[in-house]
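Observations on the three-dimensional arrangement
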Amino acid sequence: MSYRISGLDPAPFLHLYHLSDEALREHRAVRHVAGTTGGYPDRVELRDALPGESLLLVNYEHQPADTPYRSRHAVYLLEGATTAATFYDEIPLLFRRRMMSLRAFTAQDMLHVATVVLGDAMEPTVHEWLADDRVAYIHAHYAGAGCYAARIDRA
């Protein structure tokens with residue numbers, strides 16, 4: 001089963017890039033600069049920020065469905081990112097280094113199944129779930145903080 005992992009479209013966030021810290025607060029956003037170890041997980045390019053790169057921490061509605069599973073959470077966006085990453089049949093290195101929570105949803109946006117797995121071992125679960133006709137898509141989250149990471153669809 002071929003799959004696609006997609007980063008966030010940066011278009012809804014472009015107006016936040018390069019705003020002052022004060023202006024960002026008006027949008028409930030905060031700027032962070034990655035320290036010497038980097039490590040902030042960008043949701044657009046699906047990579048860890050490099051030391052010195054600027055990120056915006058924003059609240060993002062990753063599950064806009066009109067169901068009990070409607071959800072939003074804080075996510076980091078690489079400030080200046082203009083192109084969403086897409087990975088075909090490949091787990092991004094960003095995920096491989098972390099414990100991931102996977103959540104499969106039906107076409108009615110209801111949770112079908114969920115699990116926690118090491119990122120470097122998540123591919124068999126993705127294949128199994130997407131082979132199930134009841135699963136419409138999968139959301140990946142970082143298990144520790146519970147933050148949304150990316151969407152996984154059939155390719």
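Residues numbered from 1 in each chain as written. Predicted model: local features only at pLDDT ≥ 70, side-chain atom pairs only at ≥ 80, totals over all residues. Heavy atoms only, no water.

**Examining the overall build of the protein**
Keep this limit in mind: Helix and strand definitions here come from DSSP, where helices need a minimum of 4 consecutive H or I residues and strands a minimum of 2 consecutive E residues; each element is numbered from the N-terminal end. Note on method: radius of gyration uses C-alpha positions; expected globular size equals 2.2 Å times residues raised to 0.38. Any pair of residues with heavy atoms lying within 4.5 Å of one another is described as a contacting pair. Accessible surface is estimated by sampling points in the Shrake-Rupley manner with a 1.4 Å probe; for residues, cover comes only from the protein chains shown. For the charge count, each Lys or Arg is scored as positive and each Asp or Glu as negative, with His and the chain ends excluded. Taken as the charge location is NZ of Lys, CZ of Arg, CG of Asp or CD of Glu.
Scanning the protein for helices and strands turns up three helices and 11 strands. Relative to its length of 155 residues, the protein is compact, with a C-alpha radius of gyration of 16 Å against a globular reference of 15 Å. In terms of overall dimensions, the protein has a C-alpha envelope of 45 × 35 × 25 Å along the principal axes. A separation of at least 24 residues holds for 60% of the contacts in the protein among residues at least 6 apart in sequence. When the accessible surface of the protein is split by element, carbon and sulfur atoms take 52% of a total near 7900 Å². Across the protein, the 15 positively charged side chains and the 20 negatively charged ones have centroids separated by 3 Å.

**With respect to unusual backbone geometry**
Formally: Only protein chains enter the accessibility calculation, which uses a 1.4 Å probe; a residue whose area is less than 20% of its type maximum is buried, one above 50% is exposed, and one in between is partly exposed.
Of note in the backbone geometry, histidine 18 takes a positive phi value of approximately 70° without being a glycine. Note that histidine 18 resides in the loop between β1 (3-6) and α1 (21-26). With a phi close to 50°, aspartate 89 is a non-glycine residue in the positive phi region. Summarising the element assignment, aspartate 89 is placed in the loop between β7 (86-88) and α2 (93-96). According to the relative accessible area criterion, aspartate 89 is partly exposed, its value standing at 38%.

Interpretation in functional terms is not warranted from these geometric data alone.
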